[in-house]
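Structural overview
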Amino acid sequence: MIVAIDGPAGAGKSTVARRVAGELDFRYVDTGAMYRALAWLALEQDVELDDGRALVALGRAHPVRFSGSAVYVAGHDVTVGIREARIDRVVSAVARHPEVRAHMRDRQRELAATGDAVVEGRDIGTVVCPGAGVKVYLVADETERARRRSAERPEVADEALATDLRSRDERDAAQMRPADDAAVIDTTRLPVDAVAARIIAMVEAKSPVGA
Ligand code: DC
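Because the structure is predicted, anything quoted here is derived from the model rather than measured.

**Digging into the site of the ligand**
Around the ligand sit 15 residues, and of these Arg36, Arg101, Asp123, Arg168 and Asp172 come closest. Within the contact set of the ligand, a nitrogen atom lies 3.0 Å away from a side-chain nitrogen or oxygen of threonine 31. Burial of the ligand by the surrounding chains reaches 98%, relative to a free accessible area of 450 Å². Secondary structure elements with two or more residues in the shell around the ligand: helix H2 (31-44), helix H4 (85-95) and helix H8 (158-172). If you tally residues by element for the shell around the ligand, the top one is H2, at four residues. Of the residues assigned to the shell around the ligand, the class counts are three nonpolar, four polar and eight charged.

If you want it as structure tokens, here you go:
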């Protein structure tokens with residue numbers, strides 16, 4: 001079964017998706033990390049972020065690889081590097097190209113096709129895995145999302161983080177909508193455990209014991 005978890009930055013997707021995958025013993029596929037790794041590599045190799053075709057060529061030549069919680073691209077361990085604020089600021093410019101999205105969609109479908117997985121992103125329930133058994137769309141108040149980002153990026157000033165988050169929301173808006181059949185969960189005041197428990201209950205309801 002595929003569990004699709006979508007929503008804006010800071011809505012709690014990664015923490016919840018990791019927790020659900022761990023508890024269900026499903027694979028965890030972080031599609032945002034794939035866009036981030038491509039953005040990281042484009043900066044590293046001076047590839048124009050406006051050139052969708054060049055970005056696809058780069059992505060094809062250097063597919064992103066996951067090993068446990070580590071992320072690799074072109075021989076570099078980019079696990080930490082892709083979370084830097086400089087990547088936050090450019091990743092949407094990479095993800096906005098239709099040809100880049102088509103390339104990523106195909107790669108993400110391949111990764112999702114090899115068994116049970118929790119797949120996290122923006123367009124998983126709508127585009128990448130529209131047939132997912134469970135679809136969840138997480139949301140949270142802007143203030144709470146900024147607070148969570150600030151806990152993850154203590155080195156960046158709060159004001160700059162809030163501005164980055166807002167401009168990323170605007171640039172990601174084209175991808176950001178819940179699938180018609182997604183359960184929308186507001187995580188603003190919900191602990192991770194409670195959100196994960198709700199999703200796990202949805203998975204169990206779809207695959208009752210003995211079925
Ligand atoms: O979830 P994240 O913040 O790591 O995602 C990084 C960026 O990648 C996000 O700003 C938008 C883009 N993205 C996307 O367009 N589609 C996805 N399925 C996942 C991420």
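**Looking at the pattern of salt bridges**
Under the criterion given, the structure shown has 17 salt bridges. Between aspartate 88 and arginine 36 there is a salt bridge whose closest N-O contact spans 2.9 Å. In this pair, aspartate 88 is assigned in helix H4 and arginine 36 in helix H2, connecting sequence segments 52 residues apart. Owing to a relative accessible area of 5%, aspartate 88 belongs among the buried residues under this scheme. Of the charged contacts in the structure, one is a salt bridge between arginine 96 and aspartate 50, with a shortest N-O distance of 3.3 Å. Here aspartate 50 lies in the loop between H2 and helix H3 (52-61) and arginine 96 lies in the loop between H4 and helix H5 (98-112), a separation of 46 residues in the sequence. Overall, the relative accessible area of 59% leaves aspartate 50 in the exposed class. It is possible to trace a salt-bridge network through shared partners that takes in Glu144, Arg147 and Arg148.

**With respect to a negative patch on the surface**
A grouping of Glu44, Asp46, Glu48, Asp51 and Glu99 is seen on the molecular surface, where their side chains present a negatively charged patch. For aspartate 46, the location among the structural elements is in the loop between H2 and H3. For aspartate 46, a relative accessible area of 71% gives the class exposed.

**Points about unusual backbone geometry**
At aspartate 25, a position not held by glycine, the phi torsion is positive, near 60 degrees. Relative to the assigned elements, aspartate 25 resides in the loop between helix H1 (13-24) and strand S2 (27-30). Residues other than glycine seldom take positive phi values, yet aspartate 46 does so here, at roughly 55 degrees.

**With respect to the sheet that holds S2**
Ordered in space as S2-S6-S1-S7-S8, the five strands form an open sheet in which the pairing is parallel. Pairing within the sheet leaves two strands with one partner each, and these edge strands are S2 and strand S8 (183-186). The sheet shows a mean angle of 20 degrees between the axes of neighbouring strands, taken without regard to direction. Bridge count between strand S1 (residues 2-6) and strand S6 (residues 117-121): five bridges; the pairing is parallel. For aspartate 6, the partnering residue across the bridge sits in S6 and is glycine 121. Its contacts with the sheet place H2 against S2 and S6, and it is angled at close to 40 degrees to S2. Taken strand by strand, helix H9 (residues 192-206) contacts S1, strand S7 (134-139) and S8, and its axis lies near 165 degrees from that of S7.

Calculation rules
Residues numbered from 1 in each chain as written. Predicted model: local features only at pLDDT ≥ 70, side-chain atom pairs only at ≥ 80, totals over all residues. Heavy atoms only, no water. Near = heavy atom within 4 Å. Polar contact = N/O pair within 3.5 Å; in protein donor to acceptor, adjacent residues only side chain to side chain. Areas by Shrake-Rupley, 256 points an atom, 1.4 Å probe, with all protein chains shown as cover. Helix = DSSP H or I, 4+ residues; strand = E, 2+ residues; numbered from the N terminus. Nonpolar A, V, L, I, M, F, W, Y, C, P; charged D, E, K, R; others polar. Salt bridge = Lys/Arg side-chain N within 4 Å of Asp/Glu carboxyl O. Buried < 20%, exposed > 50% of the residue type's maximum accessible area, 1.4 Å probe, protein only. Patch = residues over 30% accessible without salt bridge, like charges linked within 9 Å, V, L, I, M, F, W, Y side chains within 5 Å. Lys, Arg positive; Asp, Glu negative; His and termini not counted. Charge placed at Lys NZ, Arg CZ, Asp CG, Glu CD. Pairing = 2+ DSSP bridges. Axes fitted to C-alpha atoms, helices over the stretch in contact; angles between N-to-C directions. Contact = heavy atoms within 4.5 Å.

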